[in-house]
Amino acid sequence: MNLYKFVSNSINEKLGFDANLETPKNREFGDFATNAAMVMAKSAGKNPRELAGDLLPKISELDFVENASIAGPGFINIKIKDNFIWESADKKIEIKNPNPLTIDMDYGAYNVAKSLHIGHLRTSIVGDTFNRIAKFLGHNTISYNHIGDWGRSMGLVIAWIKKLHPDWPFFQDKFNSKLDYSKYYIPVQELDTYYPSAAELAKTDEEFMEQARVITAELQKGHAGYNALYNVFIPVSLKAMEDVIKKINIMPFDNTLGERNAAKYIEPVEKILREKHLLEKSDGAEIIVVKKDSDTAPMPPVMFYNSRGAVPYDATDIMALYYRKITDNPDKIIYLTDSRQKLHFEQLFRVAELTNLFPTENLEHIGYGTINGADGKPFKTRDGNAAGLNDIIEMVNNAARVRVLESGKKINNEITESIALAALKFNDLMHDLRSDYIFDPESVTSFEGRTGPYILYTAVRLNSVLKKSNVKTNNSKLVELSKDERNLLIGLLDFERTVQVAFDNRATDILANYVYDLCQLVNTFYHNCPILRDDVDEQIRAQRMKIVQIAFNTLSTVIDLMGLKIPNEM
RNA sequence: GCACCCGUGGCUUAACUGGAUAAAGCGCGGCCCUCCGAAGGCCGAGAUUACAAGUUCGACUCUUGUCGGGUGCACCA
């Protein structure tokens with residue numbers, strides 16, 4: 001159960017007003033504390049300690065309170081009865097959500113014909129965890145991988161293929177779209193090199209760039225040859241995406257619908273914009289002005305058609321909003337992208353409001369920081385290239401294999417990789433989403449201390465005790481709680497509140513830090529409180545087994561929310 | 001230029017709504033495997049929270065300024 005919530009509600013009811021309930025950093029002070037007396041002292045015209053003295057008897061009367069005392073400048077410290085803690089911890093976790101929302105979760109945003117790189121790590125891992133948390137809290141989520149499959153990069157890739165194979169039928173005047181073109185299949189390893197090569201060339205070769213722009217516009221207008229070619233290489237990219245999703249153990253997306261799908265709704269969206277007189281011609285393009293008089297920051301217009309008649313991502317994002325409106329009609333849309341796109345989403349949300357598609361309060365953009373190398377610049381591999389996601393995964397896998405080899409343990413490859421993945425994912429989840437963080441290969445692959453493997457190891461230990469013992473925990477009774485057992489139970493009872501706080505604050509680090517602290521409590525308990533040893537009293541053993549059971553259940557739940565798997569051994 | 005974000009031990013990070021003695025990990029100096037798994041536990045050294053004012057009973061947290069770093073500002077996504 002949610003102990004915090006229960007205690008808070010009980011105290012508020014007893015006192016007749018909402019007292020602020022805190023969990024003291026220093027456990028010595030008590031399980032909970034309230035600063036109500038200090039907050040109210042001024043308006044009451046009393047000194048805080050005196051006021052605390054008035055409140056104290058009421059709090060002490062509550063049946064779950066062991067004792068309450070006044071401390072420092074006027075804090076009321078509250079200690080909960082052991083028996084109450086014991087019974088509370090044993091209650092099943094049941095999340096009842098009185099107000100479940102339909103939430104579109106937009107993360108991933110993979111690109112076609114561009115292999116995934118380190119930048120996709122956070123959106124995938126964090127997005128997946130938010131999705132799992134939201135579901136856990138009873139919301140109805142629909143995840144979208146809004147893939148980049150319709151913009152300039154497509155034009156560049158096609159232009160590059162045209163340069164390599166000018167003789168291919170896709171580029172001929174008399175193109176027959178009814179034939180089978182599957183023999184022009186391009187392996188993913190090769191396809192992935194096209195975009196970087198083309199982008200590089202376009203930087204210096206203006207003619208090539210212009211060709212790509214024209215091709216982009218023609219593709220979007222339905223050019224038969226380009227579309228046939230596009231349909232040949234798209235599945236190759238989609239398959240590569242699926243492989244990565246499996247490899248990093250994130251849930252499959254409910255929808256892999258990107259710009260191309262959105263672009264189908266250009267007519268109804270354009271109609272809305274015209275009816276509301278929102279489109280303006282400017283330098284050959286058609287734009288939507290979203291600037292307000294109150295703006296102090298730069299607020300450029302939104303591009304609907306560029307001067308070549310193509311629809312850039314500003315436009316496809318509006319159409320995607322329309323698509324979601326007529327399909328899911330969600331209560332909320334949460335976008336998770338790099339924080340550099342902040343302005344883009346501010347613009348998009350203004351258009352949503354102007355068009356009455358969605359009110360701004362239903363739209364939310366979470367921007368995450370960059371993953372940097374030791375030099376503070378975006379992380380690169382040793383050869384100086386932007387690190388590919390597969391390279392990073394392989395690096396961590398190798399480190400895990402070395403670690404296993406050194407330990408002399410017999411651990412299979414599947415488990416080794418799941419340990420490596422835990423290291424990678426936990427490292428990502430534990431950092432404040434909004435800040436940049438430094439990706440240090442050495443510490444990520446060290447597997448000691450504050451790491452994913454530490455979390456898994458703790459769970460494996462608990463599970464090992466459970467597997468070895470045949471003690472039935474159904475009838476475990478409380479004999480006596482030692483300090484370590486008590487601290488652990490209190491920690492476990494904070495789980496429900498933590499998940500809620502993590503979701504409300506859109507902060508996976510709150511959950512990651514919680515589970516790490518919890519594991520520390522488990523390991524201290526494990527070290528100080530023998531369970532299966534012969535000299536342990538039978539009733540104490542049953543009590544501790546119960547605690548192990550509860551701790552393992554909670555730990556499993558959190559590990560699952562983080563998209564990790566507990567190995568059988570490690 | 002305008003706007004937004006960030007600055008906490010040697011390094012990487014915490015501190016939930018403004019609360020009590022700023023909490024961990026790595027690294028450093030020690031200790032603990034005859035004892036349920038040492039990817040573990042325990043002890044120690046290490047901090048003027050960039051700087052300067054202000055608000056408050058109380059500031060890492062809020063306000064203003066300074067310095068330092070990052071990011072964005074229509075035809076890439």
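Since we're looking at a predicted model, the values are computed, not measured.

Q: Would you mind going over the pairing of strand S10 (residues 332–338) with me for this structure?
A: In summary, the side chains of a regular strand alternate between the two faces of the sheet. Among the seven residues of S10, seven are classified as buried, and the element is accordingly described as predominantly covered. Bridge analysis of strand S5 (residues 102–106) against S10 gives four bridges, and the strand direction is parallel. Residue pairing across strands places Ile103 opposite Lys332, the latter belonging to S10. Two strands pair when backbone bridges link them, and S10 and strand S11 (residues 363–368) are joined in this way by six bridges, in the parallel orientation. If you follow Ile334 over to S11, its bridge partner there is Glu364. For the crossover from S10 across helix H13 (residues 342–354) to S11, the handedness is right-handed.

Q: What exactly am I supposed to notice about the packing of helix H7 (residues 188–204) against helix H8 (residues 206–221) here?
A: As a packed pair, H7 and H8 sit with axes 6 Å apart at the nearest point and diverge in direction by 120°. When the axis of H7 is compared with that of H8, the two are oblique. Residues Ala198, Leu201, Ala202 and Thr204 of H7 lie in contact with H8, whose contacting residues are Glu206, Phe208 and Met209. For the contact of H7 with H8, the class distribution of residues is five nonpolar, one polar and one charged.

Q: Which parts of the structure should I look at to understand the sheet that holds strand S2 (residues 32–34)?
A: Backbone hydrogen bonds hold the strands of a sheet together, and the pairing may be parallel or antiparallel. Across the sheet, which stays open at both edges, the four strands sit in the order S1-S2-S4-S3 with antiparallel pairing between neighbours. The outermost strands of the open sheet, each flanked by one partner alone, are strand S1 (21–22) and strand S3 (65–71). Pairing of S1 with S2, which is carried by two bridges, proceeds in the antiparallel orientation. Residue pairing in the sheet places Glu22 in a bridge with Ala33 of S2.

Q: Which parts of the structure should I look at to understand the sheet that holds strand S9 (residues 302–305)?
A: Sheet architecture is open: three strands sit in the order S7-S8-S9, paired in antiparallel fashion. Looking at strand neighbours, the two that pair on one side only are strand S7 (279–282) and S9, the edges of this open sheet. Across this sheet, the average inter-strand angle for adjacent strands is 45°, counted without regard to direction. Pairing of strand S8 (residues 285–288) with S9, which is carried by three bridges, proceeds in the antiparallel orientation. In the strand pairing of S9, Glu286 is matched with Tyr305. Across the sheet, helix H12 (residues 313–326) lies against S8 and S9, angled at about 85° from S9, the strand it touches most.

Q: How should the protein's contact with RNA strand B be read in this particular structure?
A: The environment of RNA strand B is made up of 70 residues, and the closest members are Arg152, Glu259, Lys468, Tyr526 and Met570. Protein-adjacent atoms of RNA strand B, using a 4 Å cutoff, are sugar or phosphate at a proportion of 58%. Take Ser307: an N or O atom from its main chain is 2.6 Å from a base oxygen of RNA strand B. Arg403 is positioned with one of its side-chain polar atoms (N or O) 2.7 Å from a sugar or linking oxygen of RNA strand B. Among the residues making up the surface near RNA strand B, the classes are represented as 33 nonpolar, 17 polar and 20 charged.

Q: What exactly am I supposed to notice about the packing of aromatic side chains here?
A: Any pair of aromatic rings gets described here by the distance separating the centres and the angle formed by the planes. What the rule picks out here adds up to 28 aromatic pairs. Between Trp150 and Tyr230, the aromatic rings sit 5.5 Å apart at their centres with planes inclined by 75°, giving edge-to-face as the arrangement. Of this pair, Trp150 sits in the loop between strand S6 (140–144) and helix H6 (152–164) while Tyr230 sits in helix H9 (residues 224–247), placing them 80 residues apart in sequence. The class for Trp150 is buried, based on a relative accessible area of 7%. The class for Tyr230 is buried, based on a relative accessible area of 0%. Pairing Tyr335 with Phe345 gives two aromatic rings, centres 4.6 Å apart and planes at 45°, and the pair type is tilted. With Tyr335 in strand S10 and Phe345 in helix H13, the pair connects residues that are ten residues apart, well separated along the chain. Of the residues examined, Phe345 reaches a relative accessible area of 3% and is grouped as buried. Every member of this aromatic cluster is reached through a ring pair, and the members are Trp168, Phe170, Phe171, Phe175, Tyr181, Tyr184 and Tyr226. Lys114 extends its terminal NZ or CZ atom over the ring of Tyr195, reaching a point 4.3 Å from the ring centre.

Q: Even after reading the chapter, I still don't get the domain arrangement of chain A, so can you show me in this structure?
A: Many authors give the size of an interface as the accessible area that is lost as the parts come together. Here chain A is described as being made up of domain 1 (3–80), domain 2 (152–247) and domain 3 (389–561). Summarising the inter-unit geometry, the C-alpha centres of domain 2 and domain 3 are found 46 Å apart.

Q: Would you mind showing me how to read the layout of surface pockets here?
A: Gaps left between atoms show up when a probe the size of a water molecule is rolled over them. Of the pockets and cavities examined, the second largest pocket occupies roughly 730 Å³. Lining the second largest pocket are 27 residues, and of these Asn2, Lys5, Lys96, Glu496 and Gln500 sit closest to its centre. Mapped by element, the contributors of at least two residues to the lining of the second largest pocket are helix H1 (3–15), S10 and helix H19 (495–504). For the lining of the second largest pocket, the element with the most residues is H19, which contributes six residues. Per-class residue counts for the lining of the second largest pocket are eleven nonpolar, six polar and ten charged. When residues of the lining of the second largest pocket are assigned to domains, at least three fall in each of domain 1 (3–80) and domain 3 (389–561).

Q: For this particular structure, what's the right way to read empty space enclosed by the protein?
A: Evaluated as defined, the whole model comprises two cavities of 30 Å³ or more. Here the largest cavity defines a volume of roughly 50 Å³. Taken together, Met105, Tyr107, Gly127, Phe130, Ile334, Leu336, Ile366, Phe503 and Arg506 form the lining of the largest cavity. For the lining of the largest cavity, a count of residues per class yields seven nonpolar, one polar and one charged. Empty space within the second largest cavity amounts to approximately 30 Å³. Along its surface, the second largest cavity is lined by Tyr144, His146, Leu257, Gly258, Asn261, Ala262, Ala320, Tyr323 and Arg324. Elements represented by at least two residues in the lining of the second largest cavity include exactly helix H10 (259–263) and H12.

Q: In this structure, what is going on with unusual backbone geometry? I would like to understand it.
A: A negative phi holds for most residues other than glycine; trans holds for most peptide bonds. Positive phi, close to 60°, is recorded for Ala113, a residue that is not glycine. Within the fold, Ala113 resides in the loop between S5 and helix H5 (119–136). For Asn329, which is not glycine, the phi dihedral falls at a positive 45°. Positionally, Asn329 belongs in the loop between H12 and S10.

Criteria and cut-off values
Residues numbered from 1 in each chain as written. Chains lettered and ligands numbered in written order. Predicted model: local features only at pLDDT ≥ 70, side-chain atom pairs only at ≥ 80, totals over all residues. Heavy atoms only, no water. Buried < 20%, exposed > 50% of the residue type's maximum accessible area, 1.4 Å probe, protein only. Helix = DSSP H or I, 4+ residues; strand = E, 2+ residues; numbered from the N terminus. Pairing = 2+ DSSP bridges. Right-handed = clockwise from strand over helix to strand, strands pointing away. Axes fitted to C-alpha atoms, helices over the stretch in contact; angles between N-to-C directions. Parallel < 35°, antiparallel > 145°, perpendicular 65-115°, else oblique. Contact = heavy atoms within 4.5 Å. Nonpolar A, V, L, I, M, F, W, Y, C, P; charged D, E, K, R; others polar. Near = heavy atom within 4 Å. Polar contact = N/O pair within 3.5 Å; in protein donor to acceptor, adjacent residues only side chain to side chain. Phe/Tyr/Trp six-rings, centres within 6.5 Å; stacked < 30°, edge-to-face > 60°. Lys NZ or Arg CZ within 6 Å of the ring centre and 35° of its normal. Domains from an automatic or database assignment. 1 Å grid on protein atoms, 1.4 Å probe; cavity = no way out; pocket = protein on both sides within 12 Å on 5 of 7 lines; lining within 4 Å. Points joined across faces, edges and corners; volume = space filled by probe spheres on them.

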